[in-house]
Amino acid sequence: MSLRFEELDWRATPLGLISLRRRRDRSLDQDVYEIKLDEEFLMSSLFTVAEIELARLGLAASSAADLDVVVGGLGLGYTAHAALEDPRVRSLHVVESLGEVIEWHRRGLLPLGAELTSDPRVRPVHGDFFAMAGSDAGFDPEVPQRRFHAVLLDIDHSPTHVLDPSHAWLYEVEGLRRLAGHLHPGGVFALWSDDPPQEEVIAALAEVFAVVRAHVVTFDNPYTRGTSSNTVYTAVLESTEADRA
Ligand SMILES: C[S@@+](CC[C@H](N)C(=O)[O-])C[C@H]1O[C@@H](n2cnc3c(N)ncnc32)[C@H](O)[C@@H]1O
């Protein structure tokens, strides 16, 4: 039987106090894992439908036969785990700025930790996604300037409600161009957002990518007993003649 509430770990980080809690939700008869940053919820294992759809919709938008993928923000690992279900995925770099979150997975404190950390395709990268996106070297510390087939991003609440002001540039046209420079032709950028589809986000994406879609993902909310929704944007770069052949 589970304890009703357990704080599994907490640490002071440059972003604030991060904590991992497990609580027993008796009305739902399940354990709920939550990551909080100060008083703000970063992630709850109760709400994972759109995080999983981020991987499914993002990878479905790629026509490549083998996929090298970057996930921005490890969190509870649902996006990364869903990406691994696509048999085309041959490598998965998961960029996470908080070493504590990577460590929680390695220590098996989180439900998906053992599976994620034992999969040979997974490479946890401790670093700042935005700094890497803006750099020439990119997301693979071992292979500078490596290009990827897809980048799946779930870090900020939304492109206009960012966790840190230093993230905002990425969602502007020049930032998106910079990110696209780390993708192969035909590559996909998929982005999770807590907000409904935003015209300005679609317009910025359309300046850089050939095909842009905003998917509204609806899921049951056990607290409101109604439904809630998130948005997953998918944006696909023009492919070359050789890709189309
Ligand atoms: C909402 S969670 C990701 C949830 C994830 N999609 C899942 O399925 O569990 C966001 C994650 O991004 C991490 N993060 C915050 N700022 C970051 C940054 N600049 N670079 C990389 N990761 C960052 C947080 O520590 C957190 O683990």
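Preceding this section is the structure that the text describes.
Below is a short write-up of the structure. Source: prediction; values computed, not measured.

1. Section: the nonpolar core
Piece 1. Ranked by size, the top nonpolar core spans 61 residues in total, and within it Val-69, Ala-83, Ala-150, Val-151, Leu-152, Phe-189 and Ala-190 carry the most contacts.
Piece 2. No other element matches the six residues that strand 9 (residues 183-193) contributes to this core.
Piece 3. In contact with Ala-190, other than residues within four places in its own chain, are Leu-54, Leu-57, Gly-58, Ala-150, Leu-152, Val-232, Tyr-233 and Thr-234.

2. Points about the site of the ligand
Piece 1. Taken together, 22 residues lie around the ligand, and Glu-51, Gly-73, Gly-75, Tyr-78 and Phe-129 are the ones closest in.
Piece 2. Among the secondary structure elements, those contributing two or more residues to the shell around the ligand are strand 4 (40-44), helix 2 (78-84), strand 6 (89-96) and helix 5 (129-134).
Piece 3. Among the residues forming the shell around the ligand, the class breakdown is twelve nonpolar, six polar and four charged.

3. Here we look at the sheet that holds strand 3 (residues 30-37)
One key point about sheets: their strands pair by backbone hydrogen bonds, in either a parallel or an antiparallel sense.
Piece 1. Across the sheet, which stays open at both edges, the four strands sit in the order 1-2-3-4 with antiparallel pairing between neighbours. The sheet terminates laterally at strand 1 (5-13) and strand 4, the two strands that pair on one side only. Sheet twist, expressed as the average angle between the axes of neighbouring strands with direction ignored, equals 20°.
Piece 2. By the bridge criterion, eight bridges tie strand 1 to strand 2 (residues 16-25) in an arrangement that is antiparallel. Bridge assignment links Arg-11 to a residue of strand 2, and that residue is Ile-18.

4. Considering unusual backbone geometry
Piece 1. One non-glycine residue, Asp-38, adopts positive backbone phi at about 50°.
Piece 2. Structurally, the position occupied by Asp-38 is in the loop between strand 3 and strand 4.
Piece 3. Positive phi outside glycine occurs at Arg-225, with the angle close to 60°.
Piece 4. The topology assignment puts Arg-225 in the loop between strand 10 (211-221) and strand 11 (226-236).

5. Some remarks on helix 7 (residues 199-208)
Piece 1. Here helix 7 has its buried residues at Val-201, Ala-204, Leu-205 and Val-208. Angularly, the buried residues of helix 7 cover 95° about the axis, an arc narrow enough to put them on a single face. Facing away from the buried side of helix 7 by more than 90 degrees, the exposed set consists of Glu-199, Ala-203 and Glu-207.

6. A closer look at the sheet that holds strand 8 (residues 148-153)
Piece 1. Strand order in this open sheet of seven strands is 7-6-5-8-9-11-10, and the pairing throughout is mixed. The strands lining the two open edges of the sheet, one partner per strand, are strand 7 (122-126) and strand 10. Neighbour to neighbour, the strand axes of the sheet diverge by 20° on average, direction disregarded.
Piece 2. As judged from the eleven bridges shared by strand 10 and strand 11, these two strands associate in the antiparallel manner. Of the residues in strand 11, the one forming a bridge with His-215 is Val-232.
Piece 3. Where helix 7 meets the sheet, its contacts fall on strand 10 and strand 11, and the angle it forms with strand 10 comes to roughly 140°.

7. A few points about the pairing of strand 4
Piece 1. Note that strand 3 and strand 4 share four bridges and pair antiparallel. Pairing of Lys-36 across the sheet is with Phe-41, part of strand 4.
Piece 2. Taken together, strand 3 and the strand that follows it, strand 4, pair antiparallel across an intervening segment of two residues, in which Asp-38 is found at a positive phi of about 50°.

Rules used in this analysis
Residues numbered from 1 in each chain as written. Predicted model: local features only at pLDDT ≥ 70, side-chain atom pairs only at ≥ 80, totals over all residues. Core = buried A, V, L, I, M, F, W, Y, C linked by C-beta atoms within 7 Å. Buried ≥ 20, exposed ≤ 12 C-beta atoms within 10 Å, placed from the backbone. Helix = DSSP H or I, 4+ residues; strand = E, 2+ residues; numbered from the N terminus. Contact = placed C-beta atoms within 7 Å. Near = placed C-beta within 6 Å. Nonpolar A, V, L, I, M, F, W, Y, C, P; charged D, E, K, R; others polar. Pairing = 2+ DSSP bridges. Axes fitted to C-alpha atoms, helices over the stretch in contact; angles between N-to-C directions. Arc of directions from axis to C-beta.

Just distances and angles here, no functional claims.
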